[in-house]
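Structure at a glance
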Amino acid sequence: MTHKPIIGIPAEIRIVNGLQRNSVNQADISAVTAAGGVAVPIPTRQPELMSTYLNLCAGIMLPGGPDVAPRFYGEEPLSKLGDTDALLDESEIQLVKLAAANKVPLLGLCRGMQIINVALGGSVYQDLESQRDRQTFQHFQKAPMNQGTHTISITPETQLESIIGGGDQTLVNSHHHEAVKALAPGLKLTALAKDGVIEGLESENDDLILQSSGIQNLCLKTTSKWPRYLKTLSTEQKQPKNSLINQLSTSPKIVSSSS
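The structure displayed is predicted, hence computed values, not measured ones. (Residues numbered from 1 in each chain as written. Predicted model: local features only at pLDDT ≥ 70, side-chain atom pairs only at ≥ 80, totals over all residues. Heavy atoms only, no water.)

1. Examining the overall build of the protein chain
This is how it is decided: Secondary structure elements follow DSSP: runs of H or I no shorter than four residues count as helices, runs of E no shorter than two count as strands, and numbering proceeds from the N terminus. Type-normalised accessible area, obtained with a 1.4 Å probe on protein chains alone, sets the label of each residue: buried when under 20%, exposed when over 50%, and partly exposed for intermediate values. Only heavy atoms enter the contact rule, under which two residues are in contact if any of them lie within 4.5 Å. Shrake-Rupley sampling with a 1.4 Å probe provides the accessible areas, and residues are treated as covered by the protein chains on show and by no other component.
For the protein chain, the helix and strand inventory stands at nine helices and 14 strands. Here the protein chain, with 259 residues, has 50% of them falling under the buried criterion. Of the contacts made within the protein chain by residues no fewer than 6 positions apart, 70% connect residues no fewer than 24 positions apart. Split by element, the accessible area of the protein chain, about 11,600 Å² in all, is 51% carbon and sulfur.

As C-alpha cells, this is what we get:
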C-alpha cells in the first residue's frame, strides 16, 4: 500500500482573539496538496523537538514570515530590522541543519531562503535599501502580489533552470526587504535580479538545495513541480526509512524563496 509523502511546514505564531495560534498559510498547504503531498504544521515553540518532527516527514517546506533575528548570523539589530521571532528562527535553523544532514527535502519560500542560508553559515541584509551601497530596486512591491514587477536572470545548468526555464527576463513579484548577503558554504548562485540582489541559490555538489528569493510567483511555479519528486518520495507504507533516504538521494531536495 502506497502513501503520500508528509511535508512539514513550520508554523508562525499569530495572536487570534487574544490567544496564540500556530499559523500556516492555506496557499502553502494547497500547493503541497496539489503537488501530491500531505501538509502537516510543525509547532515552533520548542526547538528541541525538531528532530522528532523531522522524523515524521518526507520533506519540509519553509514558508515566509518575519525577519531573521541578526544574532543568528553574528550581527546586532539595525533600525530598519522588522519583527523577529527567536523561537521560530531556532526551530527552523534546527530543521534545516537536521534535514541537510539526513538528506530530507527542503522547500523554502520567502524567508525560507534566508533561514536556510543563515542555518548553513551565511548572512542576510537586514534591510536592502539602507545597507546596500548601490541602487536597489523595489523588492517590497506596491503592486498586487499576483503581478510580476521585476526580472531575474537564471543561471544555466541549475536545478532552478530545469524547473522554470532559463534566460534573463523571468518576470517575478517581490515582497521582501531582507535578502541573502554572504552565501553559506556549499551554496551557489542560481538567480540574480538586475540590481545584483541574490534571488536564487542551490547546493554546489548535489541537488539538495534550490532557493529563490523575493518571488512568490516563482515559488508557486516551483511548488507546482513537486509531483516529479514527491512521486519518488511515495513509498510502500511498511518500507523502512533508510530505503526512503536512499530514494531521496536521487531526487531534488531543497528549494527556497524570500517574498
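2. Section: the side chain of Gln 126
So the rule is basically this: Distance and chemistry together define a polar contact, namely a pair of N or O atoms within 3.5 Å, with one atom able to donate a hydrogen and the other to accept it when in protein, and with adjacent residues in sequence counting only for side-chain atoms on both sides.
Counting through the fold element by element, Gln 126 comes out in the loop between strand E7 (124–125) and helix H5 (128–131). Among the polar contacts made by the side chain of Gln 126, one reaches the main-chain carbonyl oxygen of Glu 76 at a distance of 2.9 Å. Not counting residues up to four positions away in its chain, the partners in contact with Gln 126 are Asp 67, Pro 70, Tyr 73, Glu 75, Glu 76, Pro 77, Leu 78, Lys 80, Leu 81, Gln 131, His 177 and Glu 178.

3. Let's talk about the nonpolar core
Our working rule: Within this scheme, the nonpolar core is defined by two criteria: the residues are buried Ala, Val, Leu, Ile, Met, Phe, Trp, Tyr or Cys, and they are joined through side-chain atoms within 4.5 Å.
Formed by 19 residues in total, the largest nonpolar core has its most connected members in Ile 60, Leu 62 and Leu 106. Counting only elements with at least two residues in this core, the list comes to helix H2 (50–55), strand E5 (59–62), helix H3 (86–101) and helix H4 (111–119).

4. With respect to the environment of Leu 78
Here Leu 78 lies in the loop between E5 and H3. As for Leu 78 and Asp 127, which are separated by 49 residues in sequence, their C-alpha atoms are 8.4 Å apart. Excluding anything up to four places from it in sequence, Leu 78 contacts Gln 126 and Gln 131.

5. Remarks on H3
In an α-helix, one turn spans 3.6 residues; hence positions three or four apart end up facing the same way. Just so we agree on the cut-off: What a helix should span is 1.5 Å times the count of its residues minus one.
With 16 residues, H3 ought to run about 22 Å at 1.5 Å a step, and its terminal C-alpha atoms sit 22 Å apart, in line with that. Listed as buried for H3 are Leu 88, Asp 89, Ser 91, Glu 92, Ile 93, Leu 95, Val 96 and Ala 99.

6. Side note on the pairing of strand E2 (residues 12–16)
This is how the line gets drawn: Pairing between two strands requires that DSSP report at least two bridges joining them.
Of the pairings in the sheet, the one linking E2 to strand E3 (residues 19–23) comprises five bridges and is antiparallel in character. Within the sheet, the bridge partner assigned to Glu 12 lies in E3 and is Ser 23. A loop of two residues connects E2 with E3, the two strands running antiparallel in sequence, and Asn 17 in this loop sits at a positive phi of about 55°.

7. Details of helix H1 (residues 26–34)
Rules: Directions pointing from the helix axis toward each C-beta atom define the arc.
Those residues of H1 that sit buried are Asp 28, Ala 31 and Val 32. Seen end-on, H1 carries its buried residues on one side only, within an arc spanning 95°. In H1, the exposed positions angled more than 90 degrees off the buried face are occupied by Gln 26 and Ala 34. Remark: Gly 36 follows H1 within two positions and exhibits a positive phi of approximately 100°.

8. As for the confidence of the model for the protein chain
Here is the rule we go by: Residue-level confidence of the predictor is summarised by pLDDT, bounded by 0 at the bottom and 100 at the top.
Mean pLDDT for the protein chain: 81, with 78% of residues reaching 70 or above. Put simply, helix H9 (residues 241–248) is where the protein chain has its lowest mean pLDDT, 32, and H2 is where it has its highest, 97. Below pLDDT 50 for its whole length, residues 231–259 participates in 103 contacts with residues either more than four positions away or in separate chains.

9. Considerations on the pattern of salt bridges
The cut-off we apply is this: The rule for a salt bridge is simple: a side-chain nitrogen of Lys or Arg has to be within 4 Å of a carboxyl oxygen of Asp or Glu.
Across all of its chains, the model carries seven salt bridges by this definition. Residue Glu 90 is joined to Arg 71 by a salt bridge in which the shortest nitrogen-to-oxygen separation is 3.4 Å. Linking Glu 90 in helix H3 with Arg 71 in the loop between E5 and H3, this pair joins segments that are 19 residues apart in sequence.

10. Some words on the packing of H3 against H4
Our working rule: The axes are straight lines fitted to the C-alpha atoms, using for helices just the contacting stretch, and the angles between their N-to-C directions are given from 0 to 180°. An angle below 35 degrees is treated as roughly parallel, one above 145 as roughly antiparallel, one from 65 to 115 as roughly perpendicular, and anything else as oblique. A clockwise turn of the near helix away from the far one marks a right-handed crossing, whereas an anticlockwise turn of less than a right angle marks a left-handed crossing. Classes in brief: Ala, Val, Leu, Ile, Met, Phe, Trp, Tyr, Cys and Pro nonpolar; Asp, Glu, Lys and Arg charged; the others, Gly included, polar.
Following both chains from N to C, one finds H3 and H4 inclined at 70°, their axes separated by 9 Å at the closest point. As far as their axial angle goes, H4 and H3 are roughly perpendicular. Handedness of the crossing formed by H3 with H4: right-handed. Counted together, Leu 88, Asp 89, Glu 92, Ile 93, Val 96 and Lys 97 of H3 and Arg 111, Ile 115, Ile 116, Val 118 and Ala 119 of H4 form the full contact between these two elements. Residue classes in the contact of H3 with H4 are distributed as seven nonpolar, no polar and four charged.

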